[in-house]
Amino acid sequence: MPAPSSLPFETRVWPVKKLKDFYARSIEQPEEFWAEQAHKLEWSRTWDRVLDWDPPFARWFVGGKLNASYLCVDRHAKTWRRSKVAIYFEGEAGDSRVLSYSTLHREVNRFASVLLNLGVKKGDSVALYLPMIPELPVFMLACARIGAVHTVIFSGFSAQALADRVGDVGARFLVTADGAFRRGKVIPLKATADEATALSPLIEKIIVVTRTGMPVNMTTGRDLRLDDLLANALDHVEPVPVEADHPLYVLYTSGTTGKPKGVVHSTGGYMVHNYAAYQWVFNIREESVYWCTADAGWVTGHSCIVYAPLAHGAAIVLYEGAPDFPAVDRWWDIIEKYGVTILYTSPTAIKMLMGHGEQWLARHDLSSIELLGSVGEPINPEAWQWFYKYVGGERCTIVDTWWQTETGAIMISPAPGIECVPMKPGSATLPLPGVDAAVVDEAGRPAPPGQRGYLVLRKPWPGMLLGLYGDPQRYQAAYWSRFPGAYNTGDYAIQDSDGYFWMLGRADEVLKVSGHRLSTAEIEAAVATHPRVAEAAVVSREHSTKGESIVVFAVLRDSAIPSDRLKGEIADHLRKAIGPIASPDEVDFVTRLPRTRSGKVLRRVLKAVANDTPLGDLSTLEDEASVEDLTRSYRQLKQERAKA
Ligand code: WT7
């Protein structure tokens, strides 16, 4: 850990020679560099070649064999860490469970035995639709143990969203819970899983974890209680060594079309990269108590709650519920209760907690915190300062970590585990070792310092996706076609004269709502299935806590009568189709959508209307009247709101 400084961060001066040298070597000799990192893990068979690069497909540690569950549990259960805390679980209702590495090891073995007894084989996909309870990481590791491929579906997703993902990945096995606790309410997960199964008939077996004890319908022959299955489970299942490029998991994320992308991650490259990056960024130590507040349904949970921390034998906190339940100091209470030393969270959460005021923090002893982290969206300097001052007591480094579902591991971030660089509030600072990031212009040429451009990655990296499930063309088209030879992240960024990266949000039609990734096309398609809607366009509006919020412009069918009630119905329809994360902030009715002469909807114009900013160049617009229409109805709407 860097010595905590009592100086304000602006005036700290650190030498950064070590980091620079380390970085330079990683770029100049990537294969030697990554092989060195890979040797920190245990392999059943050493690789023959570090990298086969057949653009855009990379295969790392070719010929090597390993097992991710072995690395996360067996490796520790064989040492003194067997009695070390692996997971501090905090239930929303205040119940708690502590799992040591030996307990975690036993549970992973027993769950793996349950899967084997049901006939799950290496390469089979298993869908996990679970709340944030220990059974989720245990099932992930149990899948990895037998070489099965898990697909975690965020428990806030609707039946339709669940069915789409399960159907795409072809899962025959689904694990869910009877229900989940959220803000003191019970969410019926099994009932949603039943609905999804009706839509996606591939599912043959549903394993039901008991969490709330609520009554559920059990279909004979298909639905099984985990507790019953555990009664016949073995305590030991040999971990199956898998090829380095055997898929560890598929995780769905939103792209620019309506169909979610199944991002496939490897076992070898993914584990090596995450093991290394986690150490560099979080400077993890035996005595650390690490809490990542993300849901395991996102990549942050996969890499930074499960695989990287557990591979390091770290003690993690897993919290089931909402940050403001039963009161807005719940998080501060948890930090105090477990003596959290590393807190990794999102700008949206920081802004929300900032909104509740620092008096809630003053009631708690947060002096255990040593390091703070942020991820998921750009953090504005004001939120950064608040985080630094009130949560970190002006003594902690903040790691603003930039990465994506596709990158698998953290890519651009301060690296206090190597050497501290001076922080700049709002900047993710510099690329981590092995990451060749650049900002380029429209033509793919490096953009000069201070100029906005597209963020690209110019070299393959071990944590990178193997591809998109069942769709190699889309993988090529989505990431490797815009700038030949480079991976297109889809983000805008600026590099300043010190080489620091400033992330400026998405350059494509992907939205970030409270850090969750949604595509405009996906939401538009869902709105359009409402019987009264003819067509719809969706844009984002800047939002003070959520970063971006959803604004829907809908053209109604002739027979439909516009009303506030219908707006509410459309909003509900979206929540049902995708999930509460897709709740729109506003639904507006318009008579037509602004289009280019070639018929493409000009979202840029709608975005300007929704955000009340200048409309810009309209020369490509087919029908200027539609913009007038829009601005008129929008002005009216604003007046109505002002009156109310
Ligand atoms: C997108 C990826 C991987 C973590 C969770 C998000 C945005 C992520 C930052 C950051 C600014 C960030 C980007 C990126 N993003 N981290 N530190 N600063 N923006 O994963 O859902 O795949 O989203 O999140 O726009 O492309 P994801």
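Here is what the cut-offs are and how they apply
Residues numbered from 1 in each chain as written. Predicted model: local features only at pLDDT ≥ 70, side-chain atom pairs only at ≥ 80, totals over all residues. Heavy atoms only, no water. Helix = DSSP H or I, 4+ residues; strand = E, 2+ residues; numbered from the N terminus. Rg over C-alpha atoms; globule rule 2.2 N^0.38 Å. Buried < 20%, exposed > 50% of the residue type's maximum accessible area, 1.4 Å probe, protein only. Contact = heavy atoms within 4.5 Å. Areas by Shrake-Rupley, 256 points an atom, 1.4 Å probe, with all protein chains shown as cover. Lys, Arg positive; Asp, Glu negative; His and termini not counted. Charge placed at Lys NZ, Arg CZ, Asp CG, Glu CD. Pairing = 2+ DSSP bridges. Axes fitted to C-alpha atoms, helices over the stretch in contact; angles between N-to-C directions. Expected span 1.5 Å × (residues − 1). Arc of directions from axis to C-beta. Near = heavy atom within 4 Å. Polar contact = N/O pair within 3.5 Å; in protein donor to acceptor, adjacent residues only side chain to side chain. Nonpolar A, V, L, I, M, F, W, Y, C, P; charged D, E, K, R; others polar. Domains from an automatic or database assignment. Buried area = accessible area lost by both parts, 1.4 Å probe. Salt bridge = Lys/Arg side-chain N within 4 Å of Asp/Glu carboxyl O. Core = buried A, V, L, I, M, F, W, Y, C linked by side-chain atoms within 4.5 Å. Right-handed = clockwise from strand over helix to strand, strands pointing away.

Asker: What should I look at first to understand the overall build of the protein in this one?
Answerer: Helix and strand counts for the protein come out as 19 helices and 30 strands. Relative to the compact-globule value of 26 Å for 644 residues, the protein shows a C-alpha radius of gyration of 24 Å, a close match. The proportion of buried residues among the 644 residues of the protein is 61%. Restricting to contacts in the protein with at least 6 residues of sequence separation, those with at least 24 account for 71%. Entry remark: accessible area of the protein is about 24,700 Å², with carbon and sulfur atoms responsible for 52%. Separation of charge centres in the protein, based on 70 positive and 76 negative side chains, amounts to 1 Å.

Asker: How should the sheet that holds strand β18 (residues 342-345) be read in this particular structure?
Answerer: Strand-to-strand pairing in sheets goes through backbone hydrogen bonds, with the strands running parallel or antiparallel. Taken in spatial order, the seven strands make up an open sheet running β5-β4-β17-β16-β18-β19-β20, and their pairing is mixed. Two strands lie at the open edges of the sheet, namely β5 (96-100) and β20 (397-401), each paired on one side alone. The mean angle between the axes of side-by-side strands here comes to 20°, regardless of whether they run parallel or antiparallel. Each of β4 (85-90), β5, β16 (289-292), β17 (315-319) and β18 is contacted by helix α11 (residues 330-338), which is oriented at about 145° to β4, the strand it contacts most.

Asker: Whenever I open this one, helix α17 (residues 564-577) confuses me. Can you help?
Answerer: Taking 1.5 Å of rise per residue, 14 residues should cover 20 Å, and α17 covers 20 Å from first to last C-alpha, within 8% of that figure. By the burial criterion, the buried members of α17 are Leu 566, Lys 567, Ile 570, Ala 571, Leu 574 and Ala 577. Each buried residue of α17 lies within a common arc of 145° when the element is viewed along its axis, so the set occupies one face. Across from the buried face of α17, at angles greater than 90 degrees, the exposed residues are Asp 564, Arg 565 and Lys 576. Downstream of α17 by a residue or two, Gly 579 has a phi angle that is positive, lying close to 145°.

Asker: I tried to follow the site of the ligand on my own but got confused; where do I start?
Answerer: Taken together, the neighbourhood of the ligand is formed by 17 residues, with Asp 400, Thr 401, Thr 405, Arg 506 and Arg 517 sitting nearest. The contact in question runs from a nitrogen atom of the ligand to an N or O atom on the backbone of Gly 376, over 3.1 Å. Within the side chain of Asp 491, a nitrogen or oxygen atom sits 2.8 Å from an oxygen atom of the ligand. Notes on the ligand: free accessible area 560 Å², of which the protein chains cover 95%. Where the shell around the ligand is concerned, the elements lending two or more residues are α10 (299-311), β20 and β25 (501-506). When grouped by side-chain class, the residues that make up the shell around the ligand number six nonpolar, five polar and six charged.

Asker: Would you mind showing me how to read the domain arrangement of the protein here?
Answerer: The figure often quoted for interface size is the accessible area lost as the parts come together. Split into domains, the protein comes out as domain 1 (4-494) and domain 2 (509-643). Each of domain 1 and domain 2 has a C-alpha centre, and the two are 32 Å apart. Of the roughly 1,600 Å² buried at the junction of domain 1 and domain 2 (both faces included), carbon and sulfur atoms supply 49%. Counting across the domain 1 and domain 2 interface gives two salt bridges. Of the charged contacts, one joins Arg 165 and Glu 522 as a salt bridge, the two residues approaching to 3.5 Å between their closest N and O atoms.

Asker: Mind showing me how you'd approach the nonpolar core here?
Answerer: It is characteristic of soluble globular proteins that their nonpolar side chains tend to be buried jointly. Ranked by size, the top nonpolar core spans 173 residues in total, and within it Phe 61, Leu 104, Phe 139, Met 271, Phe 282, Tyr 290 and Tyr 307 carry the most contacts. If one sorts the elements of this core by residue count, helix α9 (residues 268-282) sits on top with 10 residues. Shared between two domains, this core holds at least three residues of each, these being domain 1 (4-494) and domain 2 (509-643). For Phe 61, the contacting residues outside a window of four places in its chain are Trp 34, Ala 35, Ala 38, Trp 43, Trp 47, Arg 49, Val 50, Ala 244, Gly 268, Gly 269, Val 272 and Pro 462. Core analysis: the next-biggest nonpolar cluster, separate from the first, contains 31 residues, Val 85, Ala 315, Val 340 and Ala 349 among them.

Asker: I would appreciate a short explanation of the side chain of His 246 in the present structure.
Answerer: Position of His 246 among the secondary structure elements: in the loop between β13 (242-243) and β14 (247-253). Non-local contacts of His 246, meaning those with residues more than four positions away in its chain, are made with Lys 122, Gly 123, Gly 147, Val 149, His 265, Ser 266 and Thr 267.

Asker: I would appreciate a short explanation of the pairing of β17 in the present structure.
Answerer: The side chains of a regular strand alternate, residue by residue, between the two faces of the sheet. Most of β17 sits inside the fold, with five of its five residues counted as buried. On β17, burial covers both faces: Ala 315, Val 317 and Tyr 319 on one face and Ile 316 and Leu 318 on the other are all buried. Pairing geometry for β16 and β17, over three bridges, is parallel. Bridge assignment links Trp 291 to a residue of β17, and that residue is Val 317. Running through α10, the crossover from β16 to the neighbouring parallel element β17 is right-handed.

Asker: Any chance you could explain the sheet that holds strand β21 (residues 437-440) here in plain terms?
Answerer: Taken together, the four strands give an open sheet; going across it, the order is β21-β22-β24-β25, and neighbouring strands pair in antiparallel fashion. The open sheet has two edge strands, β21 and β25, and neither has a second partner. Along the sheet, successive strands turn relative to each other by an average axial angle of 45°, direction set aside. Where β21 lies against strand β22 (residues 453-457), four bridges are found, and the strand directions are antiparallel. Among the inter-strand pairings, Val 439 is bridged to a residue of β22, identified as Leu 455.

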